[in-house]
Each structure stands twice: as C-alpha cells, then as structure tokens.
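Understanding the architecture of this molecule
Here is what each chain is made of, one letter per residue.
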Amino acid sequence: MALPEEGGAPEKVSCPADSLYAYCINTGNDGIGQDVSLGVLKFDAKTDPNGLYTSCPSGAQLKTKLSLIGGDRRLIKGIVTLACDSSTAASKTKPERIACPDGPTPYDFCLSTANDGFGNAITIGVVKAQDPGDPYGMYGQCHSNISQFGIKTGVYVKSITRYECGSFHGYCTIDRYSNL
C-alpha cells in the first residue's frame, strides 16, 4: 500500500457514460491520500463558443452558441449545445439560467431559450474562464479603428494563438496588455 505522501502516477481511465469529456484521468493517490479523477474537455467544434449549434433538426437555421450569451464574453472558455429543437414559443425569448444536467459536468452554468429568434429552442452548457488571463478564455472587443488596423469585431478563443506561438506548455496566463 502506497503511503499518502508517495502519490500515484496519473493514468487514463474510462469516462462516465454519455460524458462530453475527451478523456479522463485518475491519480489513485494525489500525494496527500486522495483518489482524484479529472475529466478533460477538449477544445473542438463541439465546445467552440463561436461554433454553431449542434444536433438540431434538419433545416434548422443555425447560429453561434456565443450569440446566446450576454455580459463579458471574454470570460467564456467553452459552450456545448445540450439540446436543440424547433422553437416552442411564437417569438424570441431571452435565454434563462436553468439547472445543468445531473452528474459530473464541466459547466459553470446552463442557459435555455424557447426561441432564439431563428426558430430554435436551445439549451447550452457554459464553461467559464478562471479569470481574464486564462489562456483558454477569449479575447476581443478591442476599441480601435477596425478598418484602419484590419481588426475583426467580436470575441475569439485565445488558444488560437498557440498556432502562432507553439504549445501552451508552461503558460499560466495570456492576457491583453494594450488597446490599439
């Protein structure tokens, strides 16, 4: 039997059934005697905040998941479509916070609308960034002359910068330090 201070080597394990995690890890012993399991939510089309709704009926007019979020969008890390169906209200309704699915989920909160204004009833799960410096958060809403600098409006996932800078290994924060 390993002593608590010895710790265990993390290993990949099966994720809970129907989970959205790309993979799961278990330490067996985290070095202080705790059995820790972690689910890893991978950044892909399913979690991309700027991605379109998924699993909608054929012919649905798809919009970005981020279009349902108000407030500071830079504090969003990921959005997953939990449900998409035909609208159940005659006109656009404001998304409201609802209880997220039971069980272990990565969601900080969930939103639902009976009509997104385009004929869809949508429920999403939202993963928030830890703070504005979270390297997997979002950036944007720059205050500059858009046409002069060629800057696009909107918000974008910071992790796209890894293609320019290389791996995120060793990064603890990526934050905007100036407005053009």
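Calculation notes
- Residues numbered from 1 in each chain as written.
- Predicted model: local features only at pLDDT ≥ 70, side-chain atom pairs only at ≥ 80, totals over all residues.
- Heavy atoms only, no water.
- Helix = DSSP H or I, 4+ residues; strand = E, 2+ residues; numbered from the N terminus.
- Buried < 20%, exposed > 50% of the residue type's maximum accessible area, 1.4 Å probe, protein only.
- Contact = heavy atoms within 4.5 Å.
- Areas by Shrake-Rupley, 256 points an atom, 1.4 Å probe, with all protein chains shown as cover.
- Disulfide = S-S within 2.5 Å.
- Pairing = 2+ DSSP bridges.
- Axes fitted to C-alpha atoms, helices over the stretch in contact; angles between N-to-C directions.
- Phe/Tyr/Trp six-rings, centres within 6.5 Å; stacked < 30°, edge-to-face > 60°.
- Lys NZ or Arg CZ within 6 Å of the ring centre and 35° of its normal.
- Core = buried A, V, L, I, M, F, W, Y, C linked by side-chain atoms within 4.5 Å.
- Polar contact = N/O pair within 3.5 Å; in protein donor to acceptor, adjacent residues only side chain to side chain.

1. Details of the overall build of the protein
Each helix and strand in the protein was counted, giving two helices and nine strands. Listing each helix as α and each strand as β along the protein from the N terminus yields β-β-β-β-β-β-β-β-α-β-α. Across the 180 residues of the protein, 27% fall into the buried class. When contacts within the protein are restricted to residue pairs at least 6 apart in sequence, long-range pairs at least 24 apart make up 50% of them. Taken as a whole, the protein presents about 11300 Å² of accessible surface, with 52% of it coming from carbon and sulfur.

2. Description of the state of the cysteines
Applying the stated criterion across every chain, the model contains three disulfides. For Cys15, the disulfide goes to Cys24, at an S-S distance of 2.2 Å. Linking Cys15 and Cys24, the disulfide has an S-S dihedral of approximately 120° and is accordingly described as right-handed. Judged by its relative accessible area of 25%, Cys15 falls in the partly exposed class. The side chain of Cys56 participates in a disulfide bridge whose partner is Cys84; the two sulfur atoms lie 1.9 Å from each other.

3. Comments concerning the sheet that holds strand E2 (residues 23-26)
As summarised here, the arrangement of the three strands in space is E1-E2-E3, forming an open sheet in which the pairing is antiparallel. Each end of this open sheet is capped by a strand with a single partner; those strands are strand E1 (11-13) and strand E3 (37-40). On average, each strand axis in the sheet is inclined to that of its neighbour by 35°, with strand direction left out of account.

4. Overview of the packing of aromatic side chains
In total, this model carries zero aromatic pairs according to the counting rule given. Taking NZ or CZ as reference, Lys12 lies 4.4 Å from the ring centre of Tyr23, over its face.

5. Observations concerning the nonpolar core
In terms of nonpolar packing, the biggest core is built from twelve residues, these being Tyr53, Leu66, Leu68, Ile69, Ile76, Ile79, Cys84, Phe109, Leu111, Ile122, Ile124 and Val126. Mapped onto this core, the elements with two or more residues apiece are strand E4 (76-86), strand E6 (109-113) and strand E7 (120-128). If sequence neighbours within four positions are ignored, Ile122 has contacts with Tyr53, Leu68, Ala83, Cys84, Leu111, Ser112, Thr113 and Asp116.

6. A short note on the sheet that holds E6
What the four strands build is an open sheet, ordered E4-E7-E6-E5; its pairing is antiparallel. The two strands at the open ends of the sheet, each matched to only one other strand, are E4 and strand E5 (96-98). Direction aside, the axes of adjacent strands within the sheet are offset by 30° on average. Where E6 and E7 come together, five bridges link them in antiparallel fashion. Pairing of Leu111 across the sheet is with Ile124, part of E7.

7. Notes on the side chain of Asn115
Here Asn115 shows up in the loop between E6 and E7. At 3.0 Å, the side chain of Asn115 forms a polar contact with the backbone oxygen of Ala89. Those residues in contact with Asn115 that lie beyond four places of it in its chain are Ser87, Ala89, Ala90, Ser91, Lys92, Thr93 and Asn120.

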